[in-house]
Amino acid sequence: EIRRGRGTYVHENPGFIAHSWGLMVDEDETAFTLSVLELRQIIEPALAMLAADRATQEEIGRIAQAAEAAEKDVSDGRSFAGNDLAFHLAVADASHNTVASSILRQLYERGVSAAVSAAADPLPGKMIAAQKEILRGIRDRDPAAARLGM
């Protein structure tokens, strides 16, 4: 592997590449992005369950605000990606699991939100309905419902 400004490196695992995240992966960028999306599908339902148990009323308010803003974006014909991101991060924060929340934040900050938004934009109605189900599960303190919504 060649790292600009740092030299050439020989890896212990031939065929694997060092990804910019510091991970050793044997995938191209498209496959890596799909793997990251799968990781989100694993993490986010668990965070929604934890949020249903642990969220404060203030945190539930932030989740609801983001959901309402995303719904308004859709009804106004605008992209809801920014408010969808705010929704998911508010749920993650309300889980009170700082490690999982931090991992999710890094996924979004490293461009995964762009891939998710591109995939989600054709289905804004489904995304808004899912947000409402997740919010309902968290408000009702029903972890199973919050998880299913995610």
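Residues numbered from 1 in each chain as written. Predicted model: local features only at pLDDT ≥ 70, side-chain atom pairs only at ≥ 80, totals over all residues. Heavy atoms only, no water.

*Asks:* Talk me through the packing of helix H3 (residues 81–94) against helix H5 (residues 124–139); I want residue IDs and the actual numbers.
*Replies:* Between H3 and H5, the shortest axis-to-axis distance is 12 Å and the interhelical angle comes to 25°. Taken together, the axes of H3 and H5 lie roughly parallel to each other. Crossing of H3 over H5 shows left-handed handedness. Facing Asp84, Phe87 and Val91 of H3, the residues of H5 in contact are Met127, Gln131, Ile134 and Ile138. (Axes fitted to C-alpha atoms, helices over the stretch in contact; angles between N-to-C directions. Helix = DSSP H or I, 4+ residues; strand = E, 2+ residues; numbered from the N terminus. Parallel < 35°, antiparallel > 145°, perpendicular 65-115°, else oblique. Left-handed = near helix turned anticlockwise from the far one by under 90°. Contact = heavy atoms within 4.5 Å.)

*Asks:* I'd love a proper account of the pattern of salt bridges, names of residues and values included.
*Replies:* If you walk through the whole model with that rule in mind, you get eight salt bridges. Of the charged contacts in the structure, one is a salt bridge between arginine 62 and glutamate 58, with a shortest N-O distance of 2.8 Å. One end of the pair, arginine 62, and the other, glutamate 58, are both in helix H2 (residues 57–75), four residues apart, so they sit about a helical turn from each other. For arginine 62, a relative accessible area of 39% translates into the label partly exposed. (Salt bridge = Lys/Arg side-chain N within 4 Å of Asp/Glu carboxyl O. Buried < 20%, exposed > 50% of the residue type's maximum accessible area, 1.4 Å probe, protein only.)

*Asks:* Describe the side chain of glutamate 44, and please don't skip the residues or the numbers.
*Replies:* In this fold, glutamate 44 is placed in helix H1 (residues 29–54). On the basis of relative accessibility, which here comes to 4%, the residue glutamate 44 falls in the buried class. Apart from residues no more than four positions distant in its own chain, glutamate 44 is found in contact with His88, Leu104, Tyr108 and Met150.

*Asks:* Residue-level account of H5, with values.
*Replies:* An ideal rise of 1.5 Å per residue puts 22 Å on 16 residues; H5 measures up with 22 Å between its terminal C-alpha atoms. The positive-phi residue at the C-terminal boundary of H5 is arginine 141, with phi of around 60°. (Expected span 1.5 Å × (residues − 1).)

*Asks:* Report on the environment of leucine 148, specifying residues and quantitative values.
*Replies:* Here leucine 148 is to be found in helix H6 (residues 143–149). Using a relative accessible area of 68% as the deciding quantity, one classes leucine 148 as exposed. Separated by 14 residues in sequence, leucine 148 and isoleucine 134 place their C-alpha atoms 7.6 Å apart.

*Asks:* So, unusual backbone geometry: which residues are in play, and what are the values?
*Replies:* The residue histidine 96 is not glycine, and still its phi comes out positive at about 60°. When you line up the elements, histidine 96 lands in the loop between H3 and helix H4 (98–120). The exposure class assigned to histidine 96 is partly exposed, which follows from its relative accessible area of 41%. Phi is positive for arginine 141, which is not a glycine, with a value near 60°. Mapped onto the secondary structure, arginine 141 falls in the loop between H5 and H6.

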